[in-house]
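Here's the letter readout for the chains.
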Amino acid sequence: MSALNFQEMIARLEDYWADDGCVLMQPYHTEVGAGTFNPATFLRCLGPEPWKAAYVEPSIRPTDGRYGENPFRFQHYYQYQVILKPAPEDVLDRYFRSLEAVGIDLEKHDVRLVEDDWEGPTLGAWGLGWEVWVDGMEVTQFTYFQQLGGLELDIVPAEITYGLERLAMFLQDKRTAFDLEWAPGVTWGDVYRENERQWSTYNFEAAPVDVLARRFGEHEAECRDLIALGLALPAYDQVLKCSHAFNLLDARGAISVTERASYIGRVRKLARVVAELYVESVAQPAA
Amino acid sequence: MPSLLLEIGCEELPASACREAEAQLRDRWLPELGGGSVYVGPRRLAVLVAEIAEHEPDRWVQGPPEHLRETAARGFARKQGVSEEELEVRDGFLGVVVPGRRITEALPEQLAAIVEGLGFGKSMVWEPEGLRFSRPVRWLCAKLGKETIEFEAGGLRAGHLTYGHRFTGGEVEVVKSDDYLETLRAAGVEPEQDERRRQISEGLDAIGGWRDPAGVLDEVVYLVESPIVLEGRFDERFLSLPPRVVETAMQSHQRYFPLDGARFAFVANGGEAKVVIAGNERVLEGRLEDAHFTFERDAANGIEALAEELGSITFVAGAGSLADKAARLQELVAELGGGEASREAARLAKADQAAELVREFPDLEGHIGAEYARLAGFPEAVCAAIEEQYLPDSADGPLPGTEPGRVVAAAEKIDNLTVSFALGQRPTGSRDPHGLRRAAIGLCRIAVEGGLAIDVGSLVRRDLGLLVEQQAEVADDPADVADFVFERLEGVLAVPVEFIRAARAGGVTELGAVAELAETLAAEASSEDFDRAYVAFDRSNRLAGKADGAAGALDPSLATDEAEVALISALGRASPRIEAAVAERDFAGAIAAAAELGAPVDRFFDEVLVMVEDERVRANRLRLLLDVRDAVGALGDLSQIPR
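Model, not experiment: these values are computed from the prediction.

Undergrad: Looking at this structure, I do not really get the pairing of strand β1 (residues 4–10) of chain B. What am I missing?
TA: Working note: regular strand, side chains alternate between the two faces of the sheet. Residues and elements named next belong to chain B. β1 sits mainly inside the fold: six of its seven residues count as buried. One ladder, built from seven bridges, connects β1 with strand β7 (residues 137–144); its direction is antiparallel. From the neighbouring strand, L6 faces β7, where its bridge partner is A142. Relative to strand β3 (residues 44–49), β1 runs antiparallel, the two being bridged by six bridges. Across the sheet, the residue bridging to L4 is V49, located in β3.

Undergrad: In this structure, what is going on with the domain arrangement of chain B? I would like to understand it.
TA: Interfaces are often sized by the amount of accessible area the parts lose when they come together. Split by domain assignment, chain B resolves into domain 1 (4–54 + 103–186), domain 2 (65–97), domain 3 (193–284), domain 4 (317–350 + 380–494) and domain 5 (527–640). The gap between the C-alpha centroids of domain 2 of chain B and domain 5 of chain B is 75 Å.

Undergrad: Can you help me understand the sheet that holds strand β13 (residues 228–233) of chain B in this one?
TA: Whether parallel or antiparallel, the strands of a sheet pair through hydrogen bonds between backbone atoms. All names here are of chain B. Spatial ordering of the open sheet is given by β13-β15-β14, a layout of three strands whose pairing is antiparallel. Each of the sheet's edge strands pairs with one partner strand only, and the pair in question is β13 and β14 (257–258). Examined bridge by bridge, β13 and strand β15 (residues 263–268) share six bridges and lie antiparallel to one another. Note on β15: the bridge partner recorded for L230 is F266. Where helix α5 (residues 193–207) meets the sheet, it contacts β13, β14 and β15, and its direction lies at approximately 35° from that of β13. Contacting β13 and β15, helix α8 (residues 273–301) runs over the sheet at an angle of about 50° to β13.

Undergrad: Explain the interface of chain B and chain A here, please?
TA: Contacts between the two partners involve 33 residues from chain B, matched on the other side by 33 residues from chain A. Broken down by element, the side of chain B that touches chain A gets its largest block of residues, 10 residues, from α8(B). Across the side of chain B that touches chain A, the residue classes tally to 13 nonpolar, 10 polar and 10 charged.

Undergrad: Would you explain the nonpolar core in this entry?
TA: Nonpolar side chains tend to gather and get buried jointly when the protein is soluble and globular. Formed by 276 residues in total, the largest nonpolar core has its most connected members in A594(B) and V632(B). A per-element tally of this core places helix α7 (residues 232–251) of chain A first, with 11 residues. The residues contacting A594(B), other than those within four sequence positions of it, are A533(B), A536(B), A574(B), I578(B), V632(B) and L635(B).

Undergrad: What exactly am I supposed to notice about the domain arrangement of chain A here?
TA: Residues and elements named next belong to chain A. Segmenting chain A into domains produces domain 1 (6–203) and domain 2 (208–281). Taken together, the contact pairs 22 residues of domain 1 with 21 residues of domain 2. Of the residues that constitute the side of domain 1 that touches domain 2, the class distribution is 11 nonpolar, nine polar and two charged.

Undergrad: When you look at the sheet that holds β1(B) in this model, what are you seeing that I'm missing?
TA: All names here are of chain B. Ordered in space as β2-β3-β1-β7-β8, the five strands form an open sheet in which the pairing is antiparallel. A strand with exactly one partner marks an edge of an open sheet, and here the two such strands are β2 (37–41) and β8 (147–148). In the sheet, β2 pairs with β3 via five bridges, with the strands oriented antiparallel. Its bridge partner being in β3, V38 is matched across the sheet by V47.

Undergrad: So what exactly am I meant to see when it comes to the environment of A187(B) here?
TA: Residue and element names in this part refer to chain B. If you trace the backbone, A187 turns up in the loop between α4 (180–186) and α5. Sequence separation between A187 and A559 is 372 residues; the distance between their C-alpha atoms is 99 Å. Here A187 is in contact with G164, H165, G169 and V172, once residues within four sequence places are set aside.

Undergrad: Please clarify how the packing of helix α16 (residues 436–448) of chain B against helix α20 (residues 511–524) of chain B should be interpreted in this entry.
TA: Each pair of packed helices can be summarised by the angle the axes make with each other and by the distance between the axes. Residue and element names in this part refer to chain B. The contact between α16 and α20 brings their axes to 8 Å, and the two run at 75°. By the angle class used here, α16 and α20 are roughly perpendicular. For the pair α16 and α20, contact is made by L443, C444, A447 and V448 and by L511, G512 and A515, respectively. Considered class by class, the residues forming the contact of α16 with α20 number six nonpolar, one polar and no charged.

Conventions we followed
- Residues numbered from 1 in each chain as written.
- Chains lettered and ligands numbered in written order.
- Predicted model: local features only at pLDDT ≥ 70, side-chain atom pairs only at ≥ 80, totals over all residues.
- Buried ≥ 20, exposed ≤ 12 C-beta atoms within 10 Å, placed from the backbone.
- Helix = DSSP H or I, 4+ residues; strand = E, 2+ residues; numbered from the N terminus.
- Pairing = 2+ DSSP bridges.
- Domains from an automatic or database assignment.
- Contact = placed C-beta atoms within 7 Å.
- Axes fitted to C-alpha atoms, helices over the stretch in contact; angles between N-to-C directions.
- Nonpolar A, V, L, I, M, F, W, Y, C, P; charged D, E, K, R; others polar.
- Core = buried A, V, L, I, M, F, W, Y, C linked by C-beta atoms within 7 Å.
- Parallel < 35°, antiparallel > 145°, perpendicular 65-115°, else oblique.

And the structure:
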């Protein structure tokens with residue numbers, strides 16, 4: 001079997017997890033640093049209702065950009081996110097079969113689960129799990145969430161986050177993401193190199209610091225207003241916007257070490273209140 | 001009786017959890033079961049008890065005291081289901097021996113207690129109200145010989161099945177407990193951790209020349225169930241990177257073992273060797289490529305350009321930038337007597353904090369700066385001092401090997417301590433986020449073992465002055481840094497703390513000299529000379545130390561008694577000798593000189609009354625005693641030393 005190209009690989013994962021009963025979602029419309037921030041994960045994992053979903057999520061991490069010059073660092077890349085709530089007993093076997101579905105022979109390769117405890121300080125979230133290595137290459141992060149928005153979870157979900165570029169580099173035997181075949185005759189670099197260059201310039205040089213700092217405050221205030229109105233979902237979007245403004249300020253080098261902790265604390269506080277509101281108002285058990 | 005097997009099947013446990021469980025099973029549960037072996041690996045925790053007793057041990061149930069037999073025996077006996085005649089007496093109490101249950105009855109409860117009783121530093125739940133464990137438990141296997149022991153724990157039913165290697169082994173039956181090891185080995189799992197360690201070491205030795213500076217072998221033993229040692233290569237062009245960068249790229253994340261040249265060894269858990277090697281080579285090359293890319297960018301900037309960026313990097317909020325810190329370090333190394341190399345190293349010491357490579361490899365701070373200084377052609381003394389600035393980095397880690405290195409390392413620690421104390425961030429209890437205890441111990445060792453003269457008090461004052469000039473947000477007087485550092489001497493010297501307290505009050509202030517004085521006091525504490533010096537100090541201090549009305553200066557013409565005149569003249573001889581010996585750090589000599597005051601002081605107390613009516617004579621005698629105390633006091637406050 002010849003290696004799948006990038007879009008075939010995604011399609012294969014979509015098929016696999018759809019067959020497993022997941023709701024196939026689409027990327028969220030607001031910048032997020034990871035698929036965990038998507039409300040389809042963060043909010044849906046709160047409360048007692050079961051939930052199974054899978055989706056591609058662009059991961060926007062301004063500080064990781066390298067102007068498209070470094071073959072391993074990008075400010076924009078893709079994750080494939082799977083949420084299984086509650087985590088089924090055979091969740092690992094299901095995950096391993098998804099690797100087979102994209103063409104990895106589990107007996108031929110050295111597939112390992114290596115301790116990796118996850119913590120998302122802005123979301124007040126943590127969990128235990130692993131990074132999954134295939135022949136030493138980290139292709140997935142696997143986490144059993146324990147807490148989100150500072151709330152202990154009644155039902156423990158499993159979060160499976162594939163690093164799509166890394167997985168594709170492994171499958172296609174490529175040394176840089178730029179060389180990945182996205183579709184026949186089109187590489188990942190064709191699609192995204194210029195994007196990396198321009199956005200790195202924006203993130204590191206052009207993003208307006210005073211405007212971002214002001215926006216952070218505005219989003220924070222709006223979030224509180226929306227919470228007061230009992231609108232957990234729109235309020236949550238403001239948490240995401242705060243988080244992204246913070247990330248950009250960070251990339252601009254505009255945040256000192258102490259300010260950093262204070263910004264993170266402010267986002268976490270919002271996330272906690274939104275999580276509580278969501279649990280009270282939305283995530284009720286079916287009658 | 002047959003052997004007993006309990007296996008707890010888990011999703012992949014971290015190495016640290018394996019070790020925690022191993023210790024608990026071995027130290028707490030095995031003795032209770034009667035001894036045997038513990039087998040621990042990423043997917044299973046097991047105990048195998050070679051021969052289990054047929055019954056639980058008998059149990060003594062204590063009842064009422066014997067003298068209450070009349071009133072209380074019957075009730076107790078009834079409650080225990082025995083007749084009154086069956087009650088026994090032990091240590092004045094009535095009681096009954098309850099025979100232990102048959103082990104087959106006791107085991108289900110006992111095994112469940114083991115599964116539910118293991119504790120981990122970091123643990124999780126995976127089912128509502130379920131077990132708390134390091135990672136989810138997925139099966140339990142319990143056998144007593146050929147019998148399967150039925151019990152439930154953590155919502156799981158124990159059975160007779162285990163699981164071999166995750167991808168090649170599958171489900172297998174343990175027919176009888178004694179078969180456990182062979183059953184697993186046939187299913188591609190080496191259950192015995194020591195055997196895995198042996199296999200890995202043997203594999204590495206067969207390749208030869210392996211190194212493990214970060215000590216990952218201890219972890220790798222618990223990361224694999226079926227160890228296969230393999231060798232990989234990488235492109236030689238990466239050998240142009242600083243070797244420790246290459247080594248760290250191999251060890252810190254990937255847990256590879258560096259070999260000579262462009263080679264590495266690693267331990268796989270399965271797969272086809274050729275495929276697995278190719279994959280791991282690609283991963284390492286990716287990491288090295290990344291490091292190389294970063295290194296080239298830094299190198300193109302050069303260390304001077306990196307140093308210029310320090311003004312925009314905050315050191316600690318309230319204490320300015322790293323450029324401010326570098327400025328302070330340059331002043332402090334001058335104060336410490338450092339020469340040109342130390343000053344240059346202090347100027348460049350923090351430059352690598354602006355380097356991208358340090359963001360990738362934070363453990364290599366200092367080292368990377370030194371490498372960049374070498375690239376820029378700085379003298380080796382400067383580069384070595386940059387490299388050594390963080391040493392010693394543990395209580396017994398190596399000291400800087402060069403003089404400029406010791407000077408810069410001492411300045412670095414003084415500044416960290418002063419800044420934290422000045423900002424009101426003293427370590428409390430177990431909270432020491434800036435590693436200040438380690439810094440203080442490091443300072444002590446640089447003074448004591450490294451022989452560098454460090455006058456903590458005056459350096460802290462100088463540093464505080466610089467902070468104020470730089471308009472740092474000084475909230476507190478950091479003068480107590482000196483106390484904090486001297487307290488650490490106790491552990492460094494292995495001298496009781498009283499001697500250190502005593503020595504601190506003596507005629508030396510420099511850290512190494514105080515340490516030497518404390519050591520000398522401790523070594524001489526039972527000598528006759530010390531005894532005499534102590535007497536001179538103690539008797540004069542006891543009487544005059546608390547009395548009011550001593551004269552401002554001694555007037556020898558007021559001396560009338562012979563013993564008084566003798567003491568004055570002994571003091572005149574001894575005092576300059578003590579002072580000179582202390583100045584030369586000949587503390588044993590100073591004790592010998594002070595000892596000569598012992599007899600005159602004794603005689604003085606025997607023959608002379610101090611608290612006489614005549615105020616002038618009394619004041620003069622008190623002054624004489626204070627002068628004696630202060631002369632001997634160049635050796636420290638001897639009253640601190642327990643006699």
